Amino acid sequence: MHPDLEKLIVLQAHDVEAKRLRDEMVALPKHVAALEAKAKAFQGQRAVIVDLIAKEEALRRRQESDVKDQRAKIDRTRKHMDLATTTVQVTAFEHEIAFAQAEISKLEDAEIESMERSEGLESQKKLADDAVTDATTTLEGERVRATDTIAADKTLLAAVEEKRIAVRAEIGEAALSTYDRIAKAKGTAVAEALNQKCMACQMMVRPQRWNDLRDRGNDETMMTCESCGRLLYYDPARDAPQRKTVPVESIAASIIRSL
């Protein structure tokens, strides 16, 4: 394996980790913001329910007041009826009383319906209360977790950046330029070739190139995948049949561990 390729494998591991840390630091505030929006939505739903409950209570108070007014009207009408001197007057007063009693019946039925609606709304309010509590608890927990994770990620990222700088300084200018160009276009620049296949794009490697890649004496040439353009490396330990009694490290893992 080309000596620069060994270092590029390590560099890519650091680059991938740095990207993961940066992505996490960007994603966590968005995650918290989404939880905040969710909590506000639950609070808004609860507020609507509370408002409907208040309106039903106000409606019943008006209905109760109207029932009292109708009963008072009946009492006044009966007093007038006691003073009536003709059958026509008595009949008119009886009609007024009957009309008032019908209105009272309607108001009482409407009051029962309002109470039933309120019972349903109270059940909804309990569910809304639980949802708000759960969302708020989750939000607070995720805020703390996000703050702690971002702080830890910043520390880890600083350490990874130091390693990246150190590794880049050991790589030849031409190899580093090739790596940067491919990584900018593809996201990653180095890929393992396993079982005659590029593990990045999953395309097969031509037999001749595969043989050249497996040539252990080839330490001067860095070969690329003809499909995706990434730099290829071959790990004989992974491609060879695995023996249960002899654990074998991958080249990438052993290189990273040795640096």
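Since this is a predicted model, take the numbers as computed values, not measurements. (Residues numbered from 1 in each chain as written. Predicted model: local features only at pLDDT ≥ 70, side-chain atom pairs only at ≥ 80, totals over all residues. Heavy atoms only, no water.)

**Overview of the UniProt feature "coiled-coil region" (unreviewed entry) in the chain**
This is how the line gets drawn: UniProt positions are given in the numbering used here, feature names are shortened, and annotations may be inferred rather than shown by experiment. A run of H or I in DSSP becomes a helix once it reaches four residues, and a run of E becomes a strand once it reaches two; helices and strands are each numbered from the N terminus.
Sites flagged by UniProt as "coiled-coil region" (unreviewed entry) map to residues 53–110. In the segment residues 53–110, helix accounts for 93% and strand for 0%; the C-alpha atoms at its two ends are 15 Å apart.

**A look at the UniProt feature "domain: CT398-like coiled coil hairpin" (unreviewed entry) in the chain**
As recorded in UniProt, the sites labelled "domain: CT398-like coiled coil hairpin" (unreviewed entry) are residues 11–187. Taken end to end, residues 11–187 comprises 96% helix and 0% strand; its first and last C-alpha atoms sit 13 Å apart.

**Observations regarding the nonpolar core**
So the rule is basically this: Residue types Ala, Val, Leu, Ile, Met, Phe, Trp, Tyr and Cys, when buried and joined through side-chain atoms within 4.5 Å, form a set referred to as a nonpolar core. For each residue, the accessible area found with a 1.4 Å probe, counting protein chains only, is set against the maximum for its type, and the residue is called buried under 20%, exposed over 50%, and partly exposed in between. The source of the domain bounds is an automatic or database domain assignment.
Counting 16 residues, the largest nonpolar core has Leu8, Leu11, Ile171, Tyr179 and Val190 as the members making the most contacts within it. Among the elements of the structure, helix H1 (3–82), helix H3 (173–186) and strand E3 (231–234) are those that each provide at least two residues to this core. Both domain 1 (3–170) and domain 2 (187–233) contribute no fewer than three residues apiece to this core. Of all hydrophobic cores here, the second largest spans 13 residues; its members include Val32, Ala146, Ile150 and Leu157.

**Digging into the pairing of strand E1 (residues 190–194)**
Our working definition: Between any two strands, pairing holds if DSSP finds at least two bridges.
The buried count for E1 comes to five of five residues, which makes it a mostly enclosed element. Here E1 shows no split at all, with Val190, Glu192 and Leu194 on one side and Ala191 and Ala193 on the other all buried. Of the strand pairs in this sheet, E1 and E3 are connected by four bridges, and their pairing is parallel. Looking across to E3, one finds that glutamate 192 is bridged to tyrosine 233. The hairpin turn running from E1 into strand E2 (residues 197–198), its antiparallel successor, is two residues long, and asparagine 195 in that turn takes a positive phi close to 55°.

**Quick word on H3**
We count it as follows: One fewer than the residue count of a helix, multiplied by 1.5 Å, yields its expected span. Note that the arc is defined by the directions from the helix axis to the C-beta atoms. When checking whether two residues touch, look at their non-hydrogen atoms; a contact exists if any pair is within 4.5 Å.
Taking 1.5 Å per residue, 14 residues should reach 20 Å; H3 reaches 20 Å between its end C-alpha atoms and fits that length. For H3, the set of buried residues is Ala175, Leu176, Tyr179, Ile182 and Ala183. Seen end-on, H3 carries its buried residues on one side only, within an arc spanning 135°. Opposite the buried face of H3, by more than 90 degrees, sit the exposed residues Glu173, Ala174, Arg181, Lys184 and Ala185. Summarising the contacts, the buried residues of H3 are in contact with H1, helix H2 (87–170), E1 and E3. Just downstream of H3, glycine 187 is the residue with a positive phi angle, here 95°.

**Details of the sheet that holds E3**
Threshold: Axes here mean lines fitted to C-alpha atoms, for a helix over just the part in contact, with angles spanning 0 to 180 degrees between N-to-C directions.
Strand order in the open sheet made by the three strands is E2-E1-E3, with mixed pairing throughout. Both outer strands of the open sheet, E2 and E3, are each paired with one neighbouring strand and no more. Pairing of E1 with E2 involves two bridges; the strand directions are antiparallel. Directly across from alanine 193, in E2, lies its bridge partner cysteine 198. Set on the sheet, helix H4 (residues 207–214) makes contact with E1 and E3; between it and E3 the angle comes to about 60°.

**Some points on the domain arrangement of the chain**
Keep this limit in mind: Two parts placed together each lose some accessible area under a 1.4 Å probe, and the buried area is that loss summed for both. Throughout this description, a polar contact denotes any pair of N or O atoms lying within 3.5 Å of each other; where both atoms belong to protein, one of them has to be capable of donating a hydrogen while the other can accept it, and for residues adjacent in sequence the pair is counted only when both atoms sit in side chains. Under the grouping applied here, Gly and all other residues not named as nonpolar or charged are polar, the nonpolar ones being Ala, Val, Leu, Ile, Met, Phe, Trp, Tyr, Cys and Pro and the charged ones Asp, Glu, Lys and Arg.
What the domain assignment reports for the chain is domain 1 (3–170) and domain 2 (187–233). On a C-alpha basis, the centroid separation for the pair domain 1 and domain 2 is 57 Å. Taken over both partners, the interface formed by domain 1 and domain 2 buries close to 610 Å², and the fraction arising from carbon and sulfur atoms is 75%. When residues of domain 1 are sorted by the area they lose upon contact with domain 2, Leu5, Ile9 and Gln12 head the list and together hold 70% of the total. Between the two partners, domain 1 and domain 2, sit two residue pairs in polar contact (both at pLDDT 80 or more). Its residues assigned to classes, the side of domain 1 that touches domain 2 comprises five nonpolar, one polar and no charged.

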